Amino acid sequence: MSSSSGPLTEELQCSICLDVFTDPVTTPCGHNFCKTCLNKCWDNSRTCNCPYCKETFKIRPDLKINTTLRELVDHYKKKSPEKKREILCDFCEERKLKALKSCLVCQSSYCETHLEPHLRVAGLKKHKLINPVRNLEDYICQKHERPLELFCRDDQTCVCPMCAVKDHKNHNTVPIEEEIEEKKTQLMKTQKDVQQMIQDRIKKIQDVKHSAEVRKRNTEEEKAARVELFTDLIRSIERCQTEMLEMMEEQQKAAEKQEEELIEELEQEITELKMRNTELEQLSHTEDHLHLLQIYSSLCSSRNTRNWSEISVKTDESLETLRRALTQLQDTLQEKLTLTVSTDLKRMQQYEVDVTLDPDTANPYLILSDDGKQVRCGDIRQKLPDKPERFDKYADVLGKEGFSSGRFYFEVQVKGKTKWELGVVRESIDRKGKITARPSNGFWTVQLRNENEYKACAGPSVSLCLKPQRVGVFVDYEEGLVSFYDVESSSHIYSFTGQSFTDKLYPFFNPCNNDGGKNSTPLIITPVKYNK
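Residues numbered from 1 in each chain as written. Predicted model: local features only at pLDDT ≥ 70, side-chain atom pairs only at ≥ 80, totals over all residues. Heavy atoms only, no water.

Summed over all chains, the structure comprises 12 aromatic pairs. Note on Phe484 and Phe496: the rings are 6.3 Å apart at their centroids and 75° apart in plane angle, and the pair reads as edge-to-face. One end of the pair, Phe484, is in strand 20 (residues 481–486); the other, Phe496, is in strand 21 (residues 491–496), with 12 residues separating them in the sequence. An aromatic cluster of at least three residues, connected via ring pairs, comprises Phe391, Phe443 and Phe508. We note Lys393 situated over the ring of Tyr394; from NZ or CZ to the ring centre the distance is 5.8 Å. (Phe/Tyr/Trp six-rings, centres within 6.5 Å; stacked < 30°, edge-to-face > 60°. Helix = DSSP H or I, 4+ residues; strand = E, 2+ residues; numbered from the N terminus. Lys NZ or Arg CZ within 6 Å of the ring centre and 35° of its normal.)

All right, on to the nonpolar core then. Of all hydrophobic cores here, the largest spans 36 residues; its most connected members are Trp420, Phe484 and Phe509. Core analysis: the second largest hydrophobic core is formed by 19 residues, Leu12, Ile16, Cys34 and Cys37 among them. (Core = buried A, V, L, I, M, F, W, Y, C linked by side-chain atoms within 4.5 Å. Buried < 20%, exposed > 50% of the residue type's maximum accessible area, 1.4 Å probe, protein only.)

Our next topic: unusual backbone geometry. Here the residue pair Gly459 and Pro460 is connected by a cis peptide bond, since its omega of 5° sits within 30 degrees of zero. One can find Pro460 in the loop between strand 17 (453–456) and strand 18 (462–464). Positive phi outside glycine occurs at Glu451, with the angle close to 75°. Within the secondary structure layout, Glu451 lies in the loop between strand 16 (443–449) and strand 17. When its relative accessible area of 51% is taken as the criterion, Glu451 is described as exposed. Despite not being glycine, Asp515 shows a phi value in the positive range, around 50°.

This part covers the sheet that holds strand 10 (residues 173–175). Spatially, the 3 strands line up as an open sheet ordered 9-8-10, and their pairing is antiparallel. In this open sheet, the two edge strands, each paired with only one partner strand, are strand 9 (157–159) and strand 10. Along the sheet, successive strands turn relative to each other by an average axial angle of 35°, direction set aside. Where strand 8 (residues 150–152) lies against strand 10, 3 bridges are found, and the strand directions are antiparallel. Its bridge partner being in strand 10, Leu150 is matched across the sheet by Pro175. Here helix 7 (residues 176–283) sits on the sheet in contact with strand 8, strand 9 and strand 10, set at roughly 90° to strand 10. (Pairing = 2+ DSSP bridges. Axes fitted to C-alpha atoms, helices over the stretch in contact; angles between N-to-C directions. Contact = heavy atoms within 4.5 Å.)

Take a look at the structure:
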């Protein structure tokens, strides 16, 4: 049926197929029809008359395409694309019914009523019937004018029986219905695969959204925890400051009191000494020699007075008090900061994962323990398959499991080693030949060289001041964060921040060569020991 409605559409409709004209022609009586529709109508009738007004023509008109009307139809079709049209019966004269089958031999389509002879007459029963199609001529071999009943799988084309015998001899040909069913089965499988891909991507979207929600929730919790920690730290600072000022005030008052007492005592002794001096002055001029001799001893004897040469006033006592208070405040701040880092480490340790070394990635010189938790470098190159994932130049090995989202944490014992390197790397890193460890190459690692040279491989490298026995590695995939911690001292080593991860990330280990036995101690993946 017509794909549109309205006056203009009706003017452009063929009254036989009730669809927009295709190659419109005009009868002598002035009515328009599709050229194919009108020819079929006349081919199946003894007389040539107008299907619309029934006017009869003694001689079959020579039909010419109405070019003006065709241009109008083409313009309309461009503006109003057609929907899929129904296939109508070619033999219904009045109201066209929907075709049930098309016959490749007769090159016609039939409704249920007009199809009846093909189901009953012996000769017609041999004709090839298919589901209704509009382009019946495409189903006929142009070379042999026979129905394309077969499909050549070698050449992937439809052929007629004559083609199969001549041009496609010894080819794998099957009935076209069989090939159609197989293709439909394949299409259904492909459709199922596509639907699964859609579901996988929907699930991925849900996972990403869930991950974002979890990250947001965790971030809010962390922010709250940090606010609480630093609020407590500020309170401690304020309390220490208050205590320091109170202490200074008390010591100032004590010093002032002591000074007042000293001055009072000194003034009292001065008064006493003045009185004594007066007495001595008087006696030095007395004529009463007997009295002089009697009191001489008492006047000249040492009085019970303080030895003021041993007494000093500490003018820098307040400064010493301030220094002691500042030292106490610094110790308090250091304690609080250590507590903050320790709290961070405890939180990160909650994301512990079970890391096991992957032997398929290990350099042939590396020796792995049976449980996949230890690795050291040997002196003999082992005969191992040269797999694409195996490192061939450096003493590197990866963990078995990669991570493409969320957070994860693991710890490695490095005690007793003179050099090592560890961290995480992306899955697509180069594993053959010379490799430079830096974030731009997919490496987020720290390393030890020459027993005490610690560096973060940040490109350029960053020198570090530490001497860890056990290193904790924490990754937050969505935040683009890789952090390293000294587990024993609960101190922060280094963090790569603001990274953008797209590949899977794998734990990375390099025990380095054994350096003549000096570096033979293995790197050991250890279970987390939660700090209290």
